[in-house]
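The chain contents come next:
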Amino acid sequence: MKENGEKIAMLTAYDASFSRLFSEAGVDIQLVGDTLGMVVMGYETTVPVAVEDIVHHTRCVIRGNQRSFIITDLPFMAYSNIDQAMENSKKLLQAGAQMVKLEGGRWTEDTVFALQQRGVGVCCHIGLTPQSVHSLGGYKVQGREAAAASELLETAKCLEQAGAKLLVLECVPHSLGAKITEQLSIPTIGIGAGPNCDGQVLVTYDMLGISTHPPLTFVRDFMEGCTGGIIEAVAQYVAAVKNGSFPNLKESFA
Ligand code: KIV
């Protein structure tokens, strides 16, 4: 899709009913994200999520999915060494996932390499990495200073080199999102990373306007003004990602 210039529409999914609906609405990738800990399980952060929680929700999603590609999150401390990453990726792939996602910078390089060598597709997630919220000091935009921006660019290249197949970029300035996208051959998926990424992802509960936290600048509520219910809102999200009208610059960070 990157080679063909077709934008990739991704959403988080946690259960069979939404998964079926997302497939019908044309969502390319469904992510069983560890945000399920916050939006489904009611935790304050994603830190308490266990591998078993992701396995359970992956199985639910798989039963509803018709055509989307399914990625699942390796949760906090589920990949702190290579053996652990192997064992937990095995559980996620055996539950039906087609790729695993892990958060973090260059320290994940060896793990990414080892996983892809053994046939596990890996999506890396850099920028704002919510599993590290406590050490980051909160949910803040990353890569605003020149040194931090070039570190993120180098990290992205290093993870591509290690064998990552996809890169999620969360909450970085749109100019950095564009630069990383241009310099990688693997697709980038942005969330608060500007319009020039190869695709976009949102937490479903946010884009349906049913999250309990205050609205986030980089999220659009696709239910607003929508008369056709959730399926139409999701189809509008897919269309807006594909035609490049979501996100606009107001929904991006400078
Ligand atoms: O867990 C999740 O839902 C995610 C997305 C926010 C990208 O990682």
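First, a word on what this report is: a plain description of the structure on this page. Numbers given to residues run from 1 along each chain, matching the order in which its sequence is written. In keeping with the predicted nature of the model, local features appear solely for residues at pLDDT of at least 70, side-chain atom pairs appear and are counted solely at 80 or more, and the whole-chain, interface and lining totals rest on all residues. Side-chain numbers come from the whole structure's heavy atoms, not from hydrogens or water.

1. Topic: the packing of helix 1 (residues 16-24) against helix 3 (residues 51-64)
Relative orientation of the contacting elements helix 1 and helix 3 amounts to 45°, with a least axis distance of 7 Å. Put simply, helix 1 runs oblique to helix 3. You can see that helix 1 and helix 3 cross each other, and the crossing is right-handed. Of the residues in helix 3, those in contact with Ala16, Ser19 and Arg20 of helix 1 are Cys60, Val61, Arg63 and Gly64. The residue classification treats Ala, Val, Leu, Ile, Met, Phe, Trp, Tyr, Cys and Pro as nonpolar and Asp, Glu, Lys and Arg as charged. All others, Gly included, are polar. Residues belonging to the contact of helix 1 with helix 3 are distributed by class as follows: three nonpolar, two polar and two charged. Axis definition: a line fit to C-alpha positions, over the contact stretch in the case of helices; interaxial angles, taken between N-to-C directions, run 0 to 180 degrees. Runs of E in the DSSP output that reach at least two residues are strands. Runs of H or I that reach at least four are helices, and both are numbered from the N terminus. For classification, angles of less than 35 degrees are called roughly parallel, those exceeding 145 degrees roughly antiparallel, those between 65 and 115 degrees roughly perpendicular, and all remaining angles oblique. For a crossing to be left-handed, the near helix must be turned anticlockwise from the far one by less than a right angle; the clockwise case is right-handed. We call two residues in contact when some of their heavy atoms are within 4.5 Å.

2. Brief notes about the sheet that holds strand 5 (residues 122-127)
Across a sheet, paired strands are connected by hydrogen bonds in the backbone, their directions being either parallel or antiparallel. For two strands to count as paired, DSSP must find a minimum of two bridges between them. Strand order around the closed barrel formed by eight strands is 1-2-3-4-5-6-7-8, with parallel pairing between neighbours. Here the average twist between neighbouring strands, direction ignored, is 25°. One ladder, built from three bridges, connects strand 3 (residues 69-73) with strand 4 (residues 99-103); its direction is parallel. If you follow Ile71 over to strand 4, its bridge partner there is Met99. Against the sheet, helix 10 (residues 229-242) touches strand 1 (8-12) and strand 8 (199-202), its axis set at about 140° to strand 1.

3. Focus on the pattern of salt bridges
For this analysis, a salt bridge means a side-chain nitrogen from Lys or Arg found within 4 Å of a carboxyl oxygen belonging to Asp or Glu. Across all of its chains, the model carries nine salt bridges by this definition. For Lys242, the salt bridge identified is with Glu6, shortest N-O distance 2.9 Å. In this pair, Lys242 is assigned in helix 10 and Glu6 in the segment before strand 1, connecting sequence segments 236 residues apart. Only protein chains enter the accessibility calculation, which uses a 1.4 Å probe; a residue whose area is less than 20% of its type maximum is buried, one above 50% is exposed, and one in between is partly exposed. Classification of Lys242 by relative accessible area gives partly exposed; the value is 27%. A salt bridge links Asp28 to Lys242; the shortest N-O distance between them is 2.6 Å. Here Asp28 is found in the loop between helix 1 and strand 2 (29-32), whereas its partner Lys242 is found in helix 10, with 214 residues between them in sequence. If you follow the salt bridges from partner to partner, you end up with Glu6, Asp28, Arg67 and Lys242 in one network.

4. Remarks on the state of the cysteines
Each disulfide consists of a covalent bond between the sulfur atoms of two cysteine residues. Here, the term disulfide refers to a pair of cysteine sulfur atoms separated by no more than 2.5 Å. All told, the structure shown has zero disulfides when counted by the stated rule. Free cysteine Cys123: the closest other cysteine sulfur is in Cys124, separated by 6.8 Å. Cys123 sits in the buried class, given a relative accessible area of 0%. Looking at Cys158, it has no disulfide partner, and the nearest cysteine sulfur is the one in Cys124, 8.8 Å off.

5. Quick notes on the pairing of strand 3
With four of five residues buried, strand 3 lies mostly within the body of the structure. Here strand 2 pairs with strand 3 via four bridges, running parallel. Residue pairing across strands places Ile29 opposite Phe69, the latter belonging to strand 3. Between the parallel pair strand 3 and strand 4, the chain is carried across by helix 4 (residues 82-94), and the sense of this crossover is right-handed. Crossovers are marked right-handed if the path from the first strand over the helix to the second runs clockwise, as seen with the strands pointing away from the viewer.

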